[in-house]
Amino acid sequence: MTSRLNEPGAAATQAKSLVPRVAHTWTRRLRRGAAGHTPGHTAGHTPWIRATTLGVGTGLAAGMTLAAAASGLAGYFARAVVTPVRERAEDLQILAVTRGPEGDEVILPITAETVVEGTYGLFFHGGRSLARIGPIIALEPKGGTVTRPVQKVYGGDLRTAVRGWWTSVVYLNPADAGFESEEVVITLPGGPSPAWHVAPQPVAAGLPADQQGPLTGRNVWAIGVHGRGSNRTEGIRALAATSALGAETLLISYRNDGEAPAAADGRYGLGVTEWEDVEAGIEFALERGAQDILLFGWSMGGAISLQTADRSRYAAYIRGLVLTGPVIDWMDVLAHQAKANRIPDAVGRLGQWFISNPGGRRVTGLAAPVDLQAMNWIDRAEQLRDHVLIMHSVDDNIVPYGPSRDLARKNPKVTYVSFAQALHVKEWNHDPQRWDATVIDWVTDLFSRAAPGQTRPGEPGYSA
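The present account deals with the structure reproduced in this document.

Definitions and limits used
Residues numbered from 1 in each chain as written. Predicted model: local features only at pLDDT ≥ 70, side-chain atom pairs only at ≥ 80, totals over all residues. Heavy atoms only, no water. Helix = DSSP H or I, 4+ residues; strand = E, 2+ residues; numbered from the N terminus. Patch = residues over 30% accessible without salt bridge, like charges linked within 9 Å, V, L, I, M, F, W, Y side chains within 5 Å. Areas by Shrake-Rupley, 256 points an atom, 1.4 Å probe, with all protein chains shown as cover. Salt bridge = Lys/Arg side-chain N within 4 Å of Asp/Glu carboxyl O. Phe/Tyr/Trp six-rings, centres within 6.5 Å; stacked < 30°, edge-to-face > 60°. Buried < 20%, exposed > 50% of the residue type's maximum accessible area, 1.4 Å probe, protein only. Lys NZ or Arg CZ within 6 Å of the ring centre and 35° of its normal. Pairing = 2+ DSSP bridges. Axes fitted to C-alpha atoms, helices over the stretch in contact; angles between N-to-C directions. Contact = heavy atoms within 4.5 Å. Parallel < 35°, antiparallel > 145°, perpendicular 65-115°, else oblique. Left-handed = near helix turned anticlockwise from the far one by under 90°. Nonpolar A, V, L, I, M, F, W, Y, C, P; charged D, E, K, R; others polar. Polar contact = N/O pair within 3.5 Å; in protein donor to acceptor, adjacent residues only side chain to side chain.

What follows deals with unusual backbone geometry. Backbone geometry at His-125 places phi at a positive 50°, although glycine is not the residue there. Note that His-125 resides in the loop between strand 4 (120–124) and strand 5 (129–133). A positive phi angle, close to 60°, is found at Arg-342, a residue other than glycine. Counting through the fold element by element, Arg-342 comes out in the loop between helix 6 (330–340) and helix 7 (345–356).

Here's what the structure looks like:
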């Protein structure tokens, strides 16, 4: 399947940042500079040289203050990007939980996220509990509220919660989605790490028990690589598609995600370090009989998957990548984040310098600089060897879709499928049927072709 879908027009969305809004305080300082300083009038005749000296001193002091503020903001920005968030802010008020004709309903404030159709999660009680929230029942623009059904609560009592946060995660484990799983341990470079191994299960995927997928018996393993600030629960949404395909699925943890061992520096490598953990997952799958690997990546997990395919010693086993809202070019994402936070361009570029140069390590806390250019797949488009499916919403408010679209334009091995309305990595949440069908069709088509270095039956050199 090589068809490209037309891009729907982008709807206006409210930008939500990787960087906390406290950065605006620094920005205001930068804008003020020394504008409020007005030298007092001096009586008598002040020698010209003295006035000039005063002016130079004031300008120098203002310039130094401005430079210090710029450097401080750039450092704050850089640190925020590479530092894992250990505690999420409960930034969504839960106004009420009422009893409706078909069960509990939750009333929430209207936000850019709560008014998008689909099925989502609502974490509450500090992230210890999760509610699965269904499509919109009522919208009251005048009152600023939206009402949605509570489909299921996993742990806790939503009626006692007053705040929480909106999420793309809708299940806490595969069993919540109806799939049996095996808890396994993968040995990462930093130590043992938990993962879920899920065998294909047609019934759980909504198919007849005797229906076999196109990959059944072919020892294909799909490895799920979650995004920044998330964990392996993010990949549970893919289980229906991978089961329908007949693929084994491995949902892994990696360094700094709260389940796997932390990196020595406690910082994200944005893909240039985490790929080693995915490689360990591939090795685990190969030891269990895998012959082909599919990498499923979300957001930063997309950047990690691309690095794995590029750098792993097991790259030859990777048949394709399925990416949702992926980071194709970190420099583009960081520029977008700087703009969303009203950080001046020059300051944003300085933040990138802190991340990517040895001189910035004392500011960021990174053990080694992150080579942002090595993760710019627009410039490296010709070096991308694998077939890639990218599903990306034009209304993504965190990672702009432009690089995903542009990569498909530059490399014929990349198929770009555009979604609309869905916010960051919520394409499945907004339209799960389309997400699943797109994945199943693309992967089926991919495996109908000869693998690299192989030929089809009837062609010269073919061997069973």
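There's more to say after this.
The next subject is a nonpolar patch on the surface. Where nonpolar side chains cluster on the molecular surface, the patch consists of Ile-110, Val-115 and Leu-139 and spans about 210 Å² of accessible area. Residue position: Val-115 is located in the loop between strand 3 (103–109) and strand 4.

For the rest of this paragraph, the subject is the packing of aromatic side chains. Applying the stated criterion to the full structure yields four aromatic pairs. For the pair Trp-353 and Phe-354, a centre-to-centre distance of 5.9 Å together with 70° between the ring planes defines the contact as edge-to-face. In this structure Trp-353 comes out as partly exposed when scored by relative accessible area, which is 40%. Directly above the aromatic system of Phe-447 lies the positively charged group of Arg-319, at a separation of 4.4 Å from the ring centroid.

Below, the discussion takes up the sheet that holds strand 15 (residues 387–393). Read from one edge to the other, the open sheet built from eight strands follows the order 9-10-12-11-13-14-15-16, with strand pairing classed as mixed. Both outer strands of the open sheet, strand 9 (182–188) and strand 16 (414–419), are each paired with one neighbouring strand and no more. The average undirected angle you get between the axes of adjacent strands in this sheet is 20°. Strand direction decides the pairing type here: strand 15 and strand 16, joined by six bridges, are parallel. Note on strand 16: the bridge partner recorded for Leu-389 is Thr-415. With respect to the sheet, helix 11 (residues 432–446) is in contact with strand 13 (292–298), strand 14 (318–324), strand 15 and strand 16, its orientation differing from that of strand 15 by roughly 165°.

Further remarks concern the packing of helix 4 (residues 275–287) against helix 5 (residues 300–311). For any two helices packed against each other, the geometry is given by the interaxial angle and the distance between the axes. Between helix 4 and helix 5, the shortest axis-to-axis distance is 9 Å and the interhelical angle comes to 70°. As judged from the angle between their axes, helix 4 and helix 5 are roughly perpendicular. Our pair here, helix 4 against helix 5, has a crossing hand that is right-handed. Contact residues: helix 4 offers Trp-275, Val-278, Glu-279 and Ile-282, while helix 5 offers Ile-304, Gln-307, Thr-308 and Arg-311. Broken down by class, the residue content of the contact of helix 4 with helix 5 amounts to four nonpolar, two polar and two charged.

Position of Thr-249 relative to the elements: it lies in strand 12 (residues 248–252). Taking the C-alpha atoms as reference points, Thr-249 and Gly-235, 14 residues apart in sequence, are found 9.5 Å from one another. For Thr-249, the residues in contact, after removing those within four places along its chain, are Trp-196, His-197, Val-198, Ala-222, Leu-239 and Thr-242. Within the local environment of Thr-249, its side chain forms a polar contact with the side chain of Thr-242, the two groups lying 2.8 Å apart.

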